[in-house]
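Each chain, letter by letter, is given below.
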Amino acid sequence: MAENDLPSHFIDLVHDAVLKSFWRKTSLLSFLRRHKISENFLATWQETETKRVFLGRLLPKLEAHAKGSLIIRQMAASLADQAKFPDLEGWEDTPQKLEAAAASVRSLRHYIESQAKKREDTKEREETKKVARERLQQTIAKRETLETLTRRLADLSKRLGTQAAGYEFQDWFYDVVGFFEITHRPPYVTGGRQIDGSLTIEGTTYLTELKFTADQADAPSVDSFLAKVNDKADNTMGIMVSMSGFSSTAIQQASGRKTPIILMDYSHVYLVLGGTWTLPEVVARLRRHASQTGQAFLAAKDFGS
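Below or above, wherever it landed, is the structure these notes cover. All values derive from a computational prediction rather than experimental measurement.

### Looking at empty space enclosed by the protein
Link 1 in the chain: Overall, the coordinates contain one cavity of 30 Å³ or more when judged by the stated rule.
Link 2 in the chain: Of the voids in this model, the largest cavity is the one considered here, and its volume is about 50 Å³.
Link 3 in the chain: Around the largest cavity, the lining residues are Trp172, Phe173, Val176, Met264, Val269, Val272 and Leu279.
Link 4 in the chain: Elements supplying a minimum of two residues to the lining of the largest cavity: helix 7 (163-179) and helix 10 (266-273).
Link 5 in the chain: Residue contributions to the lining of the largest cavity peak at three residues, all from helix 7.
Link 6 in the chain: Looking at the lining of the largest cavity residue by residue, the classes come out as seven nonpolar, no polar and no charged.

Given below as structure tokens:
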């Protein structure tokens, strides 16, 4: 149905509401003039022609006119807004006329309201679909980026343990951080100590220690990192990322009451790259576990427990 086409049922409702709302010809003419019906057409109303026949000529003519559909809708709105029917007062059968007019207007009003609700529902569904499409596009875009980061890490892993790969891993890691739009600072030196950078998540600043070695991170590495973290402000924490994991003594050394560091290994990294968890969510889960248990490490496979 074209935009200007009106349902036949709607036309019938308007026709009936006009007939039952106006009994006198002069009242009906006044109503039609207020809705911009031309005097030339009104002049064609013959004395012997009933309201029903005249309206039967008028409404189809309006439908065929470029602006006619709008006029009919305006007429329908005016009819639906009626609370009283002054032209029906003073007749012998006024109660019957009023009842019939009120019923006709109620039917028209119900139709208009139902159509408005349908349009609103359609608009809401379209908006929901639009948002869903945008989210899907964003998800696809992120997945493509995560896939790129995954491929880069796979290439880097072929040189795991080399010094050059270690520096490239730092660049790669902060590309991941940037992907999640996390406030961060790249590697820097302070007080003669090398810091592999920092992240700020939910108001907490985390120093980072990035290890791309062939061997697991050991207890001395944890001790060294703890010294760096404890040397900073009280609200500073630390994240040690070791792609080869951690020895049991390293995990034990990092854990304890009020531990300021959390440990991440390859399982957490690939959880992020798979799109299952965001990096901030992984950090928050590890920190919550550390706060609840004093344990600095929780394997990704145990996140659900």
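Continuing now.
### With respect to the side chain of Lys97
Link 1 in the chain: Structurally, the position occupied by Lys97 is in helix 6 (residues 94-157).
Link 2 in the chain: Owing to a relative accessible area of 10%, Lys97 belongs among the buried residues under this scheme.

### Looking at the side chain of Thr236
Link 1 in the chain: Residue position: Thr236 is located in the loop between helix 8 (219-230) and strand 6 (237-242).
Link 2 in the chain: Excluding its chain neighbours within four sequence positions, the residues that come into contact with Thr236 are Thr205, Leu207, Val229 and Pro260.

### A word on the packing of aromatic side chains
Link 1 in the chain: Here the structure, examined in full by the defined rule, presents 11 aromatic pairs.
Link 2 in the chain: Ring geometry for Phe173 versus Tyr174: centroids 5.4 Å apart, planes at 90°, classification edge-to-face.
Link 3 in the chain: Assessed through its relative accessible area of 5%, Phe173 is described here as buried.
Link 4 in the chain: Taken together through their ring pairs, the aromatic side chains of Phe41, Trp45 and Phe54 make up a single cluster.

The rules behind the values
Residues numbered from 1 in each chain as written. Predicted model: local features only at pLDDT ≥ 70, side-chain atom pairs only at ≥ 80, totals over all residues. Heavy atoms only, no water. 1 Å grid on protein atoms, 1.4 Å probe; cavity = no way out; pocket = protein on both sides within 12 Å on 5 of 7 lines; lining within 4 Å. Points joined across faces, edges and corners; volume = space filled by probe spheres on them. Helix = DSSP H or I, 4+ residues; strand = E, 2+ residues; numbered from the N terminus. Nonpolar A, V, L, I, M, F, W, Y, C, P; charged D, E, K, R; others polar. Buried < 20%, exposed > 50% of the residue type's maximum accessible area, 1.4 Å probe, protein only. Contact = heavy atoms within 4.5 Å. Phe/Tyr/Trp six-rings, centres within 6.5 Å; stacked < 30°, edge-to-face > 60°.

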